[in-house]
Amino acid sequence: MSAAKIARRFVSSASAASHTLSGMTKYGGRRTVTLIPGDGVGPELTASVQRVFSAMKVPVDFEEISFHGADEDARLRLDEAITSLQRNGVGLKGVLSTPRGRATKKSLNMELRTELDLFANVIVCKTPQGIATRHTDVDIVIVRQNTEAEYSGLEHEVAPGVVESLKVISRDESMRIAKFAFDYATRNGRKKVTAVHKANIMKQGDGLFLQCCREVSELYPEIAFEAMIVDNCSMQLVSNPQQFDVMVTPNLYGNIVGNIGAGLVGGAGMVPGFNFGPDYAVFEPGARQIGEGIKGTHKASPLGMLASSAMMLKHIGFDSYAEPLEQALKDLVSDATVSVAQLGTTVDDTMIFASLLTPDIGGTATTEEVTDAIIDRVAV
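Computed from a predicted model, the values in this text were never measured in an experiment.

**Student:** Hey, could you go over unusual backbone geometry for me, with residue numbers and the actual values?
**Tutor:** For residues that are not glycine, phi is negative in most cases, and the peptide bond is trans in most cases. For Lys 57, which is not a glycine, the phi torsion comes out positive at approximately 60°. Locating Lys 57 in the fold gives a position in the loop between helix H3 (42-56) and strand E3 (60-64). Despite not being glycine, Ala 149 has its phi angle at roughly 60°, a positive value. Positionally, Ala 149 belongs in the loop between strand E6 (139-145) and strand E7 (155-159). According to the relative accessible area criterion, Ala 149 is buried, its value standing at 1%.

Now the structure itself:
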């Protein structure tokens, strides 16, 4: 790793998040953004974003790098995507599949994150008003360390039938992700940060992560801090999720906690997210599910990907486009609920409700029909 990258690790993530990315391409007031559709329903969801941006006349040009995780030349295409992101500074992506099995290649998603030093993954889990979920008033932000621990891919067979997998936790990365979480809480008016760990068993690795979180918490006396063991945390999430505000986790726990959070607020199609580093930002669905089982059925909800794209627009300074898009996403769900509440509970009313939402959240609409409904609210 370059000396410049090492030095940047100790720069405030708050200041890093606020500056304009120097590598971002700009032409006549337009921005070029790298687009990686990914696998499964990814191409359908990114197509939804492109249609909405076109209807809104958003001054963004997508540089599309399309490939699949199982392609023979996938690693070469990933290099093209990384070069594009280095040139443009920001990207929107679906999830790339990772072939399973002991002899398969390393995750391309992980290689992209490590190559671009996208050390922080942020997942926003907020109950949508009007959608029937098991819990109400859930508003959790999960900050996940994105480049080390179990995802380092350091495994080997030490003897026939015995595999050793190394979990790498470093002080530098733990301090950096903890500071990012507290900076995020400060900038966004959050009140508490919960560190998720298993230091009672993994006393060295998770113990170091927890120690770093505690050290950083002392720099933010206005933000409450607590630590919670990951198994207890999982139970608390499904029984009393309202107690959580910002959560900071090592890599694997963040994946688990993030998917629980998605389930709490309507599923994988409802949760936006992004990956952030000192130089680059990549926006993608918060729950990293490729949706292979519903690929081509037009049942995938585009709401999470559209919310991620709205976050991207804010990141590049296009708030005037991001805000109406965010409002349209809220209004879509609200309008569906109002249709039922105001008109009663007849079959026709249920059809009005269902026609605005995809099956994963109780509707009957297709991906394209939901996209049309958003366009109706934002087109200029």
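**Student:** Any details on helix H10 (residues 303-315)? Residues and values, ideally.
**Tutor:** Taking 1.5 Å of rise per residue, the 13 residues of H10 would be expected to cover 18 Å, and the 18 Å separating its terminal C-alpha atoms lies within 8% of that figure. Within the sequence span of H10, burial applies to Leu 303, Gly 304, Met 305, Leu 306, Ala 307, Ser 308, Ser 309, Ala 310, Met 311, Met 312 and Leu 313. Positive phi shows up at Gly 317, right after H10, with a value of about 85°.

**Student:** Tell me about the environment of Met 110, and please be specific about residues and values.
**Tutor:** Relative to the assigned elements, Met 110 resides in helix H5 (residues 108-115). The class of Met 110 is buried, set by a relative accessible area of 2%. Sequence-wise, Met 110 and Asn 146 are 36 residues apart; in three dimensions their C-alpha atoms are separated by 8.1 Å. Dropping the residues within four chain positions of it, Met 110 is found in contact with Asn 146, Thr 147, Glu 148, Tyr 151, Ser 152 and Asn 251.

**Student:** So what's going on with the nonpolar core? Which residues, and what values?
**Tutor:** Counting 71 residues, the largest nonpolar core has Leu 313, Leu 325 and Ile 374 as the members making the most contacts within it. The element best represented in this core is H10, accounting for eight residues. Those residues in contact with Leu 325 that lie beyond four places of it in its chain are Val 52, Phe 53, Met 56, Leu 306, Ser 309, Ala 310, Leu 313, Ile 374 and Val 378. With 19 residues, the next largest nonpolar core counts Ile 142, Leu 237, Phe 244 and Val 271 among its residues.

What counts and how
- Residues numbered from 1 in each chain as written.
- Predicted model: local features only at pLDDT ≥ 70, side-chain atom pairs only at ≥ 80, totals over all residues.
- Heavy atoms only, no water.
- Helix = DSSP H or I, 4+ residues; strand = E, 2+ residues; numbered from the N terminus.
- Buried < 20%, exposed > 50% of the residue type's maximum accessible area, 1.4 Å probe, protein only.
- Expected span 1.5 Å × (residues − 1).
- Contact = heavy atoms within 4.5 Å.
- Core = buried A, V, L, I, M, F, W, Y, C linked by side-chain atoms within 4.5 Å.

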